[in-house]
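A structural walkthrough
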Amino acid sequence: MRRGGAPSVGVVLIQVGADKHSANQFFRGLCQPALSRPNGNAAFNSGQHRLRGHISTITLLPSTETRPDGVLSRMMSHMISTALRGQARMIQLGLLFLALGGNHTMALAQVDYSVHFETEKPRYILGEPIFCRFVIRNTGSRIFAFRYRTPTRALGVDYDQEPRFVVADSRGVRLPDPGPRPCGSPQGTAVYGYVTLPPGQVHSERWLLNQWAQFAAPGHFNVRAERRLALLQPDPQSGKFSEKPAAFAMAIDELTVSVGRSTRAEVEAAFKPYLHAVANPKDPNPAEAVVVLTSLPQPFFLDQLVAMAKAGKPNRWDRRDAVDGLARLNTPASWKAVLNVFRGADGAAGFKEKAAAEEAEDPVRSYALLLLAEKADPAFIPTLVEMLARSAEPTRGDILRALGFFHDVRAYQPLFDNLHSAQVTDRMNSIIGLKNLGTREVVPALLAALDDPEAQVRQVANFALEGVTRNKVAASANPGREESQRIASDWHAWWRAHAASFSPPQPAACHDW
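Since we're looking at a predicted model, the values are computed, not measured.

Notes on the overall build of the protein chain
Counting secondary structure elements, the protein chain contains 17 helices and 11 strands. Per-residue burial for the protein chain yields a buried fraction of 48% across its 513 residues. Considering only contacts within the protein chain whose residues lie at least 6 apart along the sequence, 73% involve residues at least 24 apart. With an accessible surface of roughly 24,900 Å², the protein chain has 54% of that area assigned to carbon and sulfur atoms.

Here it is in structure tokens:
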């Protein structure tokens, strides 16, 4: 028996032609209530249990421990008795037996494993990192492999191998999700590689739950943890691992987390190991520590975050993660630090020449500017305007687009002024900044840009007008001068008809960057 009393059974291959969604719902609805654990965990927290496409694997936890004969038959009897409770469940059971009893027979899969999520301790203090551990064991006789990456939450939520966590309080109310936000933050970087797992070996990963939920108060919380991991096996002839999965390890667990009150001293003690890992130059890959410090920034280690964001530090982490941590801290001191990252090492003294500004261009500075624009604090505007005059491309274009995030007259003027710049890129970026601004006052300026001598500028103006007004004028992919004149004429006619009553639509969730 596995921990928690869940039965351990063999592996079944089923070939079906069912729709993916309906098959998922069908099999979950049929089996999951019948196999619930005493501790509340979903019984199908190990192995693949989705009917997918035409050939899928259903893996119901092989185990290395001794188990009595007839476990499978007793489990099926339990399923049958549960199905008899309702007519719908009987129909579902019948469909399953039809799928099994057609032209396809059950066979042992070549990949045996056990997999589950677990919490590391029964109780945490408020403010400390809360980890959920993912554990997979090779219980078979053949080696298999799977993709591994650093434990940072990925922006791509649809990636198959990504874990998914949903946290709710004792009333069932889901805790706020801290990211990802629509316009960039958090950054989220990951390093991918492969893990090979010989028979009998165990692999575990620690995932920081605070990346998925904000634990803002003490209490008892329920965590639904889910992950679908492709397992690969070596080709018999070449010995190399095939890219085609031999099976899918599926873990679904219902866990509980208890969070108690804390003192500042207790919180500081909880973060000490992670601060030490980042400060230790002999630790070449403090990925977990970086995730913790940037996901849960605290005022008492502001200086360490600033140091992590500075250029010239060892290349042991992505500096943008540190800038993201400063923005998440969300204090006047942390935003001043983000502003300083954008200004660069020579920002206070100013750049002597535009060539120096271009040489100093850094993607970390661009990311800091994006975060400043998302915050849109008017106090940032003087620095942005100052840096606009001293910067070369691409920083100059970044600043013009960012100014559109600020609804302040001091941000408007540089955008309108640069519509007449001799530089084509200045004109295009100013148009995008005005689109981000999204007020009715920008429409006449965008209409005037439809007559720009450069085709690129005219196209961007058409795009911006569509974004601001939600109206669309027919245009080809690369309109010539004659078509551009017709597009401008159509827009001017539309504005004459709608100017008196026009009110900008609700702004989009994310601006163009």
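There is more to say, and it comes next.
Details of the pattern of salt bridges
Per the stated rule, a full pass over the model turns up 23 salt bridges. Here Arg343 ties to Glu386 by a salt bridge, and the two come within 3.3 Å at their closest N and O atoms. Placement of Arg343 in helix α8 (residues 332–343) and of Glu386 in helix α11 (residues 381–390) is noted, with a sequence separation of 43 residues between them. For Arg390, the salt bridge goes to Glu386, with nearest N and O atoms at 3.0 Å. Remark: Glu386 and Arg390 occur in helix α11; sequence separation between them is 4 residues, near one turn of the helix. By relative accessible area, Arg390 is classed as partly exposed at 29%. With a relative accessible area of 26%, Glu386 lands in the partly exposed category. Through salt bridges with shared partners, one network takes in Glu118, Glu120, Arg133, Arg206 and Glu288.

Side note on the sheet that holds strand β7 (residues 164–169)
Sheet strands line up and pair through hydrogen bonds in the backbone, either parallel or antiparallel. In spatial order, the strands read β4-β11-β10-β7; together these 4 strands make up an open sheet with mixed pairing. Two strands close off the open sheet at either side, each with one partner strand: β4 (123–125) and β7. Direction aside, neighbouring strands of the sheet carry axes that sit 30° apart on average. When strand β10 (residues 219–231) meets strand β11 (residues 247–260), the two strands line up antiparallel, connected through 13 bridges. Looking at the pairing, Leu231 lines up with Ala247 of β11.

Observations concerning the packing of helix α10 (residues 363–375) against helix α12 (residues 395–403)
α12 packs onto α10 with a crossing angle of 10° between their chain directions and a minimal axis gap of 10 Å. Looking at the two axes, α10 sits roughly parallel to α12. Contacts between α10 and α12 involve Arg365, Ser366, Leu369 and Ala373 from the first element and Thr395, Asp398, Ile399 and Ala402 from the second. Counted by class, the contact of α10 with α12 contains 4 nonpolar, 2 polar and 2 charged residues.

Describing helix α7 (residues 319–329)
Burial analysis of α7 places 9 of its 11 residues in the buried class, the great majority of the element. Here the buried face of α7 lies against α5 (287–295), α6 (302–309), α8 and α10. Backbone geometry just downstream of α7 places Asn330 in the positive-phi region, at approximately 60°.

Let's talk about the packing of aromatic side chains
On inspection of all chains with the given rule, the structure shows 15 aromatic pairs. A ring pair is formed by Trp335 and Phe380, whose centres lie 5.9 Å apart and whose planes are at 45°; its orientation type is tilted. Remark: Phe380 occurs in the loop between α10 and α11 and Trp335 occurs in helix α8; sequence separation between them is 45 residues. We classify Trp335 as buried; its relative accessible area is 8%. Over the ring of Phe134 we find Arg227, and its NZ or CZ is 4.5 Å from the ring centre. Lying across the ring of Phe342, Arg365 places its NZ or CZ 5.5 Å from the centre.

As for the nonpolar core
Membership of the largest hydrophobic core comes to 79 residues, with the highest contact counts inside it found for Val323 and Ile431. Counting residues per element, this core draws most heavily on α10, which supplies 8 residues. Ignoring sequence-local partners within four residues, the contact set of Ile431 consists of Leu419, Leu446, Ala449, Val457, Val460, Ala461 and Ala464. Core analysis: the second largest hydrophobic core is formed by 32 residues, Ile130, Val195, Ala251 and Val257 among them.

Some points on the sheet that holds strand β9 (residues 202–208)
Read across the sheet, 3 strands follow the order β3-β5-β9 without closing on themselves; strand pairing throughout is antiparallel. Looking at the sheet topology across the chains shown, the edges are occupied by β3 (113–119) and β9. Along the sheet, successive strands turn relative to each other by an average axial angle of 15°, direction set aside. Note: strand β5 (residues 131–138) against β9, 7 bridges, orientation antiparallel. By the bridge assignment for β9, Phe134 is matched with Glu205.

Reading guide: rules and limits
Residues numbered from 1 in each chain as written. Predicted model: local features only at pLDDT ≥ 70, side-chain atom pairs only at ≥ 80, totals over all residues. Heavy atoms only, no water. Helix = DSSP H or I, 4+ residues; strand = E, 2+ residues; numbered from the N terminus. Buried < 20%, exposed > 50% of the residue type's maximum accessible area, 1.4 Å probe, protein only. Contact = heavy atoms within 4.5 Å. Areas by Shrake-Rupley, 256 points an atom, 1.4 Å probe, with all protein chains shown as cover. Salt bridge = Lys/Arg side-chain N within 4 Å of Asp/Glu carboxyl O. Pairing = 2+ DSSP bridges. Axes fitted to C-alpha atoms, helices over the stretch in contact; angles between N-to-C directions. Parallel < 35°, antiparallel > 145°, perpendicular 65-115°, else oblique. Nonpolar A, V, L, I, M, F, W, Y, C, P; charged D, E, K, R; others polar. Phe/Tyr/Trp six-rings, centres within 6.5 Å; stacked < 30°, edge-to-face > 60°. Lys NZ or Arg CZ within 6 Å of the ring centre and 35° of its normal. Core = buried A, V, L, I, M, F, W, Y, C linked by side-chain atoms within 4.5 Å.

None of this, on its own, says anything about what the molecule does.
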